Amino acid sequence: MRPAPFTFRDPRTQPLPDTDEFRRALASDWGPVDRTATVAPGAAAAAARHRADLGAELPGRTLVIASGRAKVRANDTEFDFRPDSDFVWLTSCLAEAAVLIMRPAAGAHDAVLYLPEPIGPGTPGFSADPLRGELWIGPAAGLAEWSAALDLPVRSIDELPGALDALPADAWLAGADEPAIGDRFVRPAELAIALSAAKLVKDDWEIAQLRDAVDATVGGFRAVVAELPAAMDFGGERWLQATFERHARTFGNGVGYSTIVGSGAHAPTLHWTRCDGPVRAGEVVLIDAGVEARTLYTADVTRTLPADGTYTPAQREVHALVERAHREALAQVRPGKTFRDMRSTAYEWIATGLHELGILRVSVDEAMSPTGQQHRRYLPSGTGHHLGLDVHDCARIGDERYLDDPLRPGAVLTVEPGLYFQANDLTVPPELRGIGVRIEDDVLVTPSGNEVLSAALPSDAAGIEAWMRG
Ligand code: GLY
Ligand code: MN
Ligand code: MN
C-alpha cells in the first residue's frame, strides 16, 4: 500500500473557522494600542544624510537595499532578527523583510521604503499569522507610524513586486538576500565599495552611538569583574560570558559579535567562543566583548584580567609587552597616518617584545620583512579594524584603500595587539606557555590626534589591578 502523502502544517498555528461568525467574533471591541515606531532621536536625519552621500556617489543609478530575514536556527525556529548593516545605515529602520528603493530624481534620489505592516483586528491574519498578526507579535508600528518616524515615504511590502517591475534592469542591489527580489538585479562590487567608503568617516550622530556602545561595554566589563569570584567558584567562563550578554541585552540591543571568554590555556585561542572551561585563581581571563547599542552600532573591547585580581610575574611581563605595543600603535592613530602605520607599529613592537623574551630567533628586521613574519606565530590576527554598525566595518573597500588611505577625523577603529603563547608551543619558555594577552581599545580619530573611547578601562597591569579592587 502506498503511504499517505505527507502534508506539513506550521504547528504554531491551529486551524480557525473560515466563517463570518468567527470573523465577526474577532473583528471588533478592541481598544487602542500603542503602535509607536521605535527610532532613536537623530537617527532619521542621519539616515537621510547617508542616502544623500551615497546618492551623490552614484548619480543616475537605481539602488535596491534589503533588510533581510531572520535566519533559521533549526527546523521552524529562527535566530533573533538583526537587519543588514547597509540597510540600517541608509534607513535607521530595524524592520524585517523590508526593502529600500532609491531612484535617481532631479539632483538627488527619491527613496521609498517597503515593509510588511502588522495585521491588526478586522483581518483573519490578526489571529492566524504568526509573523505579522498582532495577537502573535504584539502591537507594532504600521506604515504611517514608520513613515512619520523615519521621515520617509513608506509603502506596504505587498506593493513591492509592482515597484520592482517598474525599475530599470540595470538597478544595483545591496543588503541582505531577499526572496522577493531574488537575483533579478546585479550586486556589483562598486556598490559594496561605495558603501564601505562612505562609512570610513562617522558623523557626529554615529560617534554618539559608538560612545554609548563603548560606555555600555565598560559597564559590562565591570559586571564581569564582580562575577569573577562566582566564575572561580562554580560558573567558569560561561558564567562570565552570560554576565556580559545579560548586561548587553539590558543596556543595548545585545552583543555585536560572539563574546570571547578564555581563561588559562584558553586565553591564547583567538576566538574562544566555546567558553566552556573553568576559571581558576592564578589564571588570566581574556575577555573580548562588545555591546551593540539599540541603534546597532557596536563596541569591541578586550581586556586580559587576572582571575584573582593579581597578575603572576610571568603574566605581568607578557602583559607589559603587549601594553607597550598597544601604546605605540595608538600613537599612530591620527590624521594623515594610515591604518598600515598603526598595524606595522604594533607588529614591530610585538616582534621586539618576542625578541626580548628570547622567543623570536631572528632579528626584528627579518621578522618584519614580507617574507619573514616569524612573529605572526604568536600573533596570527591583525591588530585592529574599523568599527561601526559592523564590528569589522568598511571591510569591502579593498586592501589598498583600507590600509593606505590617510586616516581622517571621524574614523573609528580598534587597536588590538596581542601575544598568544599556546600551552603546547615548544618554542616558548615553559613558564610562559598557556598565557594569552590581548588589549583592545576603540579609538576615534580627532583633528589633532585621537580619543580612546574605551579609556575608562585601564590598559596597563597596575591600573587594571587597581580598577579591579574598585
Ligand atoms: N572579536 C572580534 C575582534 O576583535 O575583531
Ligand atoms: Mn576587534
Ligand atoms: Mn575584539
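The name an unreviewed UniProt entry assigns to the chain is Xaa-Pro aminopeptidase, from the organism Agromyces sp. G08B096. UniProt lists a comment for the chain under the heading Catalytic activity (unreviewed entry), and it reads "Release of any N-terminal amino acid, including proline, that is linked to proline, even from a dipeptide or tripeptide." Of the comments in the UniProt record for the chain, the one headed Cofactor (unreviewed entry) reads "Mn(2+)".

J.: Looking at this model, I keep getting lost on the coordination of the manganese ion (ligand 3). Mind explaining?
T.: Tetrahedral coordination by four donors puts the ideal angle at the metal at 109.5 degrees, and octahedral coordination by six puts it at 90 or 180 degrees. Only D288 (OD), D288 (OD), D300 (OD) and E440 (OE) from the protein reach the manganese ion (ligand 3) as donors, at distances of 2.0 to 2.3 Å. One chain supplies every donor for the manganese ion (ligand 3), spaced along it as D-x11-D-x139-E.

J.: I keep staring at the pattern of salt bridges and nothing clicks. Help me out?
T.: If charged atoms from side chains of opposite charge come close, those side chains can pair. This structure, assessed with the given rule, holds 24 salt bridges. Close ionic contact of E134 with R35 constitutes a salt bridge, the shortest N to O distance being 2.5 Å. A residue pair is termed long-range when its members are at least 10 positions apart, and E134 in helix α5 (residues 134-137) and R35 in the loop between α1 (20-27) and α2 (43-57) qualify at 99 residues. Of the charged contacts, one joins R211 and E451 as a salt bridge, the two residues approaching to 2.7 Å between their closest N and O atoms. Of this pair, R211 sits in helix α9 (residues 204-226) while E451 sits in strand β18 (residues 449-452), placing them 240 residues apart in sequence. Within this structure, D18, D20 and R23 form a network of salt bridges that share partners.

J.: Teacher, can you tell me more about the coordination of the manganese ion (ligand 2) here?
T.: Here the manganese ion (ligand 2) is held by the protein donor atoms D300 (OD), H385 (NE2), E416 (OE) and E440 (OE), which lie 2.0 to 2.2 Å from it. What the six donor atoms of the manganese ion (ligand 2) show is an angle range of 52 to 161 degrees at the metal, which sorts the shape as irregular. Look at where the donors of the manganese ion (ligand 2) fall in the sequence and you get D-x84-H-x30-E-x23-E. Separating the manganese ion (ligand 2) and the manganese ion (ligand 3) is a distance of 3.2 Å, and D300 donates to both of them. With a gap of 24 residues between them, E416 in the loop between β14 (412-415) and β15 (418-420) and E440 in the loop between β16 (436-438) and β17 (441-446) connect regions that are remote in the sequence. Since its relative accessible area comes to 10%, E416 is described here as buried.

J.: Explain the nonpolar core here, please?
T.: Most often, soluble globular proteins have nonpolar side chains that are buried together. Of all hydrophobic cores here, the largest spans 73 residues; its most connected members are L54, L100, L113 and W146. Counting residues per element, this core draws most heavily on α9, at 10 residues. Of all hydrophobic cores here, the second largest spans 29 residues; its members include I260, W272, A325 and I439.

J.: Mind showing me how you'd approach the site of ligand 1 here?
T.: Close contacts around ligand 1 come from Y257, I260, D288, D300, H385, H392, E416 and E440, and that covers them all. Between ligand 1 and H392, the relevant distance is 2.7 Å, taken from an oxygen atom to a side-chain nitrogen or oxygen of the residue. When the free accessible area of ligand 1 is taken as 200 Å², the share hidden by the protein chains comes to 91%. Residues belonging to the shell around ligand 1 are distributed by class as follows: two nonpolar, two polar and four charged.

J.: Quick question: what am I supposed to make of the sheet that holds β18 here?
T.: Through backbone hydrogen bonds, the strands of a sheet pair up, either in parallel or in antiparallel fashion. One open sheet accounts for four strands, arranged β13-β14-β17-β18; its pairing is antiparallel. Unpaired on one side and paired on the other, β13 (384-386) and β18 mark the two borders of the sheet. For this sheet, the mean inter-axis angle between neighbouring strands, taken without regard to orientation, is 30 degrees. The pairing of β14 with β17 spans four bridges and is antiparallel.

J.: Would you mind showing me how to read the environment of P130 here?
T.: Note on placement: P130 falls in the loop between α4 (125-128) and α5. By relative accessible area, P130 is classed as buried at 18%. For the pair formed by P130 and L90, sequence separation is 40 residues and the distance between their alpha carbons is 28 Å.

J.: Explain the packing of α9 against helix α10 (residues 228-251) to me, please; I cannot follow it from the model alone.
T.: At a minimum axis separation of 8 Å, α9 and α10 run at an interaxial angle of 160 degrees. In this view, α9 runs roughly antiparallel relative to α10, as classed from their interaxial angle. As for the relative orientation of α9 and α10, their crossing is right-handed in sense. Judged by residue contacts, A216, T217, G219, G220, F221, A223, V224, V225 and A226 of α9 engage L228, P229, L240, T243, F244, H247 and F251 from α10.

J.: Looking at this structure, I do not really get the UniProt feature "domain: Aminopeptidase P N-terminal" (unreviewed entry) in the chain. What am I missing?
T.: As recorded in UniProt, the sites labelled "domain: Aminopeptidase P N-terminal" (unreviewed entry) are residues 42-183. Taken end to end, residues 42-183 is 31% helix and 22% strand, and its two terminal C-alpha atoms sit 34 Å from one another.

J.: Explain the environment of W89 here, please?
T.: On the secondary structure map, W89 appears in helix α3 (residues 85-91). Owing to a relative accessible area of 2%, W89 belongs among the buried residues under this scheme. Separated by 208 residues in sequence, W89 and Y297 place their C-alpha atoms 9.8 Å apart.

J.: Got a minute to help me understand the packing of aromatic side chains in this structure?
T.: Between two aromatic rings, the relevant description is the distance of the centres plus the angle of the planes. Applying the stated criterion to the full structure yields six aromatic pairs. With a centroid separation of 4.9 Å and 70 degrees between ring planes, the pair formed by F234 and W239 is classed as edge-to-face. For W239, a relative accessible area of 35% translates into the label partly exposed.

J.: Looking at this structure, I do not really get the packing of helix α11 (residues 313-330) against helix α12 (residues 339-356). What am I missing?
T.: If you want to describe how two helices pack, look at the angle between their axes and the distance between the axes. At a closest axis distance of 8 Å, the pairing of α11 and α12 adopts a crossing angle of 155 degrees. Looking at the two axes, α11 sits roughly antiparallel to α12. Once α11 is placed against α12, the crossing between them reads as right-handed. On the side of α11, the interface is formed by L321, V322, R324, A325, E328 and A329, while α12 contributes M342, T345, A346, W349, I350, T352, G353 and E356. Here the contact of α11 with α12 is built from residues that sort into eight nonpolar, three polar and three charged.

J.: What is the right way to look at the pairing of β14 in this model?
T.: Going residue by residue along β14, you find V412 and T414 tucked away on one face and L413 and V415 tucked away on the opposite face as well. Of the strand pairs in this sheet, β13 and β14 are connected by three bridges, and their pairing is antiparallel. Each bridged residue has a counterpart across the sheet, and for G384 the counterpart in β14 is V415.

Cut-offs applied
- Residues numbered from 1 in each chain as written.
- Chains lettered and ligands numbered in written order.
- Predicted model: local features only at pLDDT ≥ 70, side-chain atom pairs only at ≥ 80, totals over all residues.
- Heavy atoms only, no water.
- UniProt positions renumbered as here; feature names shortened; annotations may be inferred.
- Donors = N, O, S within 2.8 Å, 3.2 Å for Na, K, Ca; no water.
- Salt bridge = Lys/Arg side-chain N within 4 Å of Asp/Glu carboxyl O.
- Helix = DSSP H or I, 4+ residues; strand = E, 2+ residues; numbered from the N terminus.
- Tetrahedral: all angles 85-135°; square planar, octahedral: opposite > 155°, others 65-115°.
- Buried < 20%, exposed > 50% of the residue type's maximum accessible area, 1.4 Å probe, protein only.
- Core = buried A, V, L, I, M, F, W, Y, C linked by side-chain atoms within 4.5 Å.
- Near = heavy atom within 4 Å.
- Polar contact = N/O pair within 3.5 Å; in protein donor to acceptor, adjacent residues only side chain to side chain.
- Areas by Shrake-Rupley, 256 points an atom, 1.4 Å probe, with all protein chains shown as cover.
- Nonpolar A, V, L, I, M, F, W, Y, C, P; charged D, E, K, R; others polar.
- Pairing = 2+ DSSP bridges.
- Axes fitted to C-alpha atoms, helices over the stretch in contact; angles between N-to-C directions.
- Parallel < 35°, antiparallel > 145°, perpendicular 65-115°, else oblique.
- Left-handed = near helix turned anticlockwise from the far one by under 90°.
- Contact = heavy atoms within 4.5 Å.
- Phe/Tyr/Trp six-rings, centres within 6.5 Å; stacked < 30°, edge-to-face > 60°.

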